[in-house]
Amino acid sequence: MQSANHSQKGKWPDESKSEITIMMLASDANPKGYVYAGVILKYVDLIAGLVAKRHAGHSNVVTASIDRMTFLKPVYIGNALILSARLNYVKRSSMEVEVTVEAENLDTGERDLTGTALVTTVALEHGKPIEVNPLILKGDEDKKRFHEGESRMINRLKEAGRISR
Ligand SMILES: CC(C)(COP(=O)(O)OP(=O)(O)OC[C@H]1O[C@@H](n2cnc3c(N)ncnc32)[C@H](O)[C@@H]1OP(=O)(O)O)[C@@H](O)C(=O)NCCC(=O)NCCS
């Protein structure tokens with residue numbers, strides 16, 4: 001991981017990005033061996049909170065919304081569930097975290113993309129939203145993600161009736 005550039009205020013997306021891998025067990029799945037969507041969503045929420053907390057530091061991070069998520073392929077008992085997450089966009093107290101979900105067949109090493117999710121988290125202090133570190137954008141990819149995240153956030157807030165259409 002790259003170290004922080006402390007001469008600039010803010011943090012790079014690379015400083016908070018995270019990956020977790022969990023073996024799926026019988027308790028995670030239905031009787032036919034398909035992992036429940038709710039189990040996957042739990043880990044999506046967990047890793048998004050972890051990334052946001054890494055970025056925000058000393059504050060309580062909560063999930064404000066999760067955009068529509070499609071489950072592209074089944075995940076089975078015995079698969080490794082691999083979640084990767086990074087920050088796309090930071091507004092003031094709110095942050096958009098993109099989560100990618102893959103399933104690995106541990107017998108063959110084959111990996112499938114099974115879903116992606118966009119999670120909005122909000123940093124709180126004493127229960128009130130608090131401004132977090134700005135996001136330092138390193139290159140074109142970071143800038144593209146930021147601008148796309150910004151447009152999605154505007155749409156999200158319109159849909160939630162928080163800003164006028
Ligand atoms: C999310 C929450 C803190 C927002 O509180 P609020 O009183 O509406 O606060 P504000 O209007 O000041 O909004 C705070 C920020 O949240 C953002 N926000 C609020 N609702 C949002 C939504 N539905 N989607 C995206 N962003 C949202 C606002 O745009 C604002 O962002 P900004 O500071 O970057 O400009 C509040 O709704 C809450 O506590 N919800 C429950 C969270 C929770 O318990 N999650 C599950 C457990 S982690």
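Residues numbered from 1 in each chain as written. Predicted model: local features only at pLDDT ≥ 70, side-chain atom pairs only at ≥ 80, totals over all residues. Heavy atoms only, no water.

### Considerations on the overall build of the protein chain
Worth spelling out the cut-off: Helix and strand definitions here come from DSSP, where helices need a minimum of 4 consecutive H or I residues and strands a minimum of 2 consecutive E residues; each element is numbered from the N-terminal end. The quantity called the radius of gyration is restricted to C-alpha atoms. Its globule counterpart is 2.2 Å times the number of residues to the power 0.38. Summary of the burial criterion: residues with accessible area below 20% of their type's maximum are buried, those above 50% are exposed, and those between are partly exposed, where the area comes from a 1.4 Å probe applied to protein chains only. Residue contacts are counted whenever heavy atoms from the two residues lie within 4.5 Å of one another. All accessible areas in this document rest on Shrake-Rupley with a 1.4 Å probe, and a residue is counted as covered only by the protein chains that are shown. All tallies of charge rest on Lys and Arg as positive and Asp and Glu as negative; His and the ends of each chain are not included. Lys charges are placed at NZ, Arg charges at CZ, Asp charges at CG and Glu charges at CD.
Within the protein chain, the secondary structure is distributed over two helices and six strands. For the protein chain, the N- to C-terminal ordering of α and β elements is β-α-β-β-β-β-β-α. Taken against the 2.2 N^0.38 rule, which gives 15 Å for 165 residues, the C-alpha radius of gyration of the protein chain at 17 Å falls within 12% of a compact globule. If one aligns the C-alpha atoms of the protein chain with their principal axes, the spans along those axes are about 50 × 40 × 35 Å. The burial tally for the protein chain puts 42% of its 165 residues in the buried class. Of the contacts made within the protein chain by residues no fewer than 6 positions apart, 70% connect residues no fewer than 24 positions apart. With an accessible surface of roughly 9,500 Å², the protein chain has 51% of that area assigned to carbon and sulfur atoms. Between the averaged position of the 23 positive side-chain charges in the protein chain and that of its 21 negative side-chain charges there is a distance of 7 Å.

### Focus on the packing of aromatic side chains
Aromatic ring pairs are defined here through the distance separating the ring centres and the angle between the ring planes. Cut-off, in case you're wondering: For Phe, Tyr and Trp, rings pair up if their centres lie within 6.5 Å, where Trp contributes its six-membered ring, and each pair is then called stacked (planes under 30 degrees apart), edge-to-face (over 60) or tilted (otherwise). Placement of a positive charge over a ring is assigned whenever Lys NZ or Arg CZ falls within 6 Å of the ring centre and within 35 degrees of the normal to the ring plane.
Applying the stated criterion across every chain, the model contains two aromatic pairs. Seen in terms of ring centroids, Y34 and Y76 are 5.2 Å apart; in terms of plane orientation they differ by 75 degrees. Their pairing is edge-to-face. Taken together, the residues span a long stretch of sequence, with Y34 in the loop between β1 (18-23) and α1 (37-56) and Y76 in the loop between β2 (60-66) and β3 (80-90) at a distance of 42 residues. In this structure Y34 comes out as partly exposed when scored by relative accessible area, which is 39%. Y76 gets classed as partly exposed once you look at its relative accessible area, which sits at 37%. The lysine or arginine in question, K138, covers the ring of W12, its NZ or CZ lying 5.7 Å from the ring centre.

### Topic: the site of the ligand
Inclusion rule: Near is defined per residue: the residue qualifies when any heavy atom it owns lies within 4 Å of the molecule or strand. What qualifies as a polar contact is a pair of N or O atoms within 3.5 Å, subject to a donor-acceptor requirement within protein and to the restriction that residues adjacent in sequence count only when both atoms come from side chains. Amino acid classes used here: Ala, Val, Leu, Ile, Met, Phe, Trp, Tyr, Cys and Pro are nonpolar; Asp, Glu, Lys and Arg are charged; the rest, including Gly, are polar.
Around the ligand, the surrounding shell holds 15 residues, and the nearest of these are K91, R92, S93, S94 and R162. Here an oxygen atom of the ligand and a side-chain polar atom of S93 are 2.6 Å apart. Measuring from an oxygen atom of the ligand, one finds a side-chain N or O atom of R162 at 2.3 Å. Only β2, β5 (111-125) and α2 (140-159) provide two or more residues apiece to the shell around the ligand. Counting residues per element, the shell around the ligand draws most heavily on β2, which supplies four residues. Of the residues that constitute the shell around the ligand, the class distribution is seven nonpolar, five polar and three charged.

### Brief notes about α2
Quick note on the threshold: Here a helix's expected span is defined as the number of its residues, less one, multiplied by 1.5 Å.
Between its first and last C-alpha, α2 extends 29 Å over 20 residues, near the 28 Å set by a 1.5 Å rise per residue. Along its buried surface, α2 packs onto β2, β3, β4 (94-104) and β5. Following α2 by one or two positions, G161 has its phi on the positive side, about 70 degrees.

Function cannot be inferred from these measures alone, as they are strictly geometric.
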